[in-house]
Structures are given as C-alpha cells and as structure tokens.
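Structural overview for review
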Amino acid sequence: TVPIISFSADCPSRSGLTPYFIRTAWNDSSQAEAIASLVQKYNWREVVPVYEDDDDTNIKFIPDLVDALKQVDTRVSYRCKIHPSATEDDMKTAISNLKRNWTSVFVVRMSHTLAHKFFQLAKQEGMMSQGFVWITAYGLTDIFDVVGSPALDVMQGVLGVKPHVQHTVELQNLSQRWRKKYQLE
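A brief look at the structure comes next. All residue numbers refer to positions counted from 1 along the written sequence of the respective chain. With the structure being a predicted model, the display of local features is reserved for residues of pLDDT at least 70 and the display and counting of side-chain atom pairs for 80 or more, all residues being used for whole-chain, interface and lining totals. Based on all heavy atoms of the structure, the side-chain values leave hydrogens and waters out of the count.

Side note on the overall build of the protein
Quick note on the threshold: We count a stretch as a helix when DSSP gives it H or I for four or more residues in a row; a strand needs E for two or more, and each element gets its number in order from the N terminus. Each residue's exposure class comes from its accessible area (1.4 Å probe, protein chains only) as a fraction of the maximum for that residue type: buried when under 20%, exposed when over 50%, partly exposed otherwise. Between two residues, a contact is recorded if the distance between any of their heavy atoms is within 4.5 Å. Residue exposure ignores everything except the shown protein chains as possible cover, and the areas themselves are Shrake-Rupley values with a 1.4 Å probe.
Looking only at helices and strands, one finds seven helices and seven strands in the protein. Along the chain direction, N to C, the helices and strands of the protein fall in the order β-β-α-β-α-β-α-β-α-β-α-α-β-α. Across the 185 residues that make up the protein, the buried fraction comes to 36%. Residue pairs at least 24 apart in sequence account for 69% of intrachain contacts in the protein once pairs closer than 6 positions are excluded. Accessible area for the protein stands at about 11,100 Å²; split by element, carbon and sulfur atoms hold 50% of it.

Side note on the environment of Q31
Turning to its location among the elements, Q31 is positioned in helix α1 (residues 28-41). A residue is classified by how much of its surface remains accessible, and Q31, at 1% relative accessible area, is buried. Distance from Q31 to D64, taken between C-alpha atoms, is 8.7 Å for residues 33 residues apart in sequence.

With respect to helix α4 (residues 112-124)
Note the following rule: A helix's residues, less one, multiplied by 1.5 Å, set its expected span.
Taking 1.5 Å as the rise per residue, α4 with 13 residues should run 18 Å; its terminal C-alpha atoms sit 18 Å apart, in good agreement. Residue G126 follows α4 closely and has a positive phi angle near 80°.

Let's talk about the packing of aromatic side chains
Under the convention used in this document: When the centres of two rings from Phe, Tyr and Trp lie within 6.5 Å, Trp using its six-membered ring, the rings pair. Their planes under 30 degrees apart give stacked, over 60 give edge-to-face, and anything left gives tilted.
According to the stated counting rule, one finds five aromatic pairs in the structure shown. Seen in terms of ring centroids, F118 and F119 are 5.9 Å apart; in terms of plane orientation they differ by 80°. Their pairing is edge-to-face. With respect to class, F118 is no different from F119; both count as buried. Taken together, a centroid distance of 5.5 Å and an interplanar angle of 80° make the contact between F119 and W134 edge-to-face. Placement of the pair is F119 in helix α4 and W134 in strand β6 (residues 133-136), with a sequence separation of 15 residues.

Topic: the pattern of salt bridges
Where we set the bar: Criterion for a salt bridge: a side-chain nitrogen of Lys or Arg within 4 Å of a carboxyl oxygen of Asp or Glu.
Tallied over the entire structure, the rule returns four salt bridges. Across the pair K60 and D64 runs a salt bridge, and its minimum N-O distance is 2.9 Å. Residue K60 and its partner D64 are both found in helix α2 (residues 58-71); the two are separated by four residues, about one turn of the helix. Overall, the relative accessible area of 40% leaves K60 in the partly exposed class. Within the structure, one salt-bridge network assembled from shared partners comprises E88, K92 and K117.

Right, here's the structure in full:
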C-alpha cells in the first residue's frame, strides 16, 4: 500500500478514503474561525464573502465562514460568486455592485488566476484603497509565490490568513523518527 499525502484536501471527511491518506491542509472550519477572530478584533459588523463559484473548494468553506461570523455577531448579508469563466465585464459588474451596495469588508477565496484579475479590476474601481478591507483565505495567500510581483502591485494592503504550525518537541520527535525510518529504507 502506498501512502497518499495531500497538501490540498481541506476537508477531514476526505481522510477516510484510505487508512494511508495523510491530510496536511488546514481545516476549513479552523480557517473560518481565524478570519472571524480577525473580524471580531476590529469590530467589523458586516462581511461579504467573494468566492469562485466552483462548487468544490467553497462548498464547505462558505457555510463554515458564515457560521463563524455569526458566532462573533457579524452579518453576511450578501455573497458574491464569481464564475471561473467570468468575463472581465462580469467581474466589473460584480465589483461595481460590491462598491455600490454592501459593506467595505470582504473575504476572498478563489483561484490565483481569477483572484489576480479580480483584484486588478477592484483596484481600477478604487476599491484597493483606504476604506476597504480585503482578507484572503488560505490558498490564496501564496499568490505572490505563484504570480510574483504583478500580484503585489494590485494586492497592496490585503490581509492573508495562513496556518501556523508551532515548532514543538512532539513535532521535532516526529520529524526525527520519520527521517530515521526512511533513511533505513
């Protein structure tokens, strides 16, 4: 049997596929709770999730985010879905609606390519300036590694949520045992 190590499976239920399935991705509910804590810290009362309408990666995250925000008395009055094949005009319409009708605090979760284009258009609309808060969910926080400096040009000031694994004695022991076992083989 070959162990499977997944760096992207973010739902614990996928771990039951095989006893040798190792999930290393951050759990969506933990990510939602971290974002809700940030929202609570700054006392933002309303948040709009902006996400790729792909029915896969966001199927669990958005409900988890809404639940976590309810726990900190924050409203989600609107959800902005962007289809993966959205045209520039489609995205401009969505951004104009966000600017005109809803809050100024947004949580974004979408693919790197779509997010880069989305943030370019948001910047053109003046929504990447003071008065607007953009929080990116984990997965999008590494956009700078993927897209490079063009992402930095359009995402200046965006807050990103990333997991932190504290270096502990247990983690060090696990690393040593892992190395030792596989060096022998």
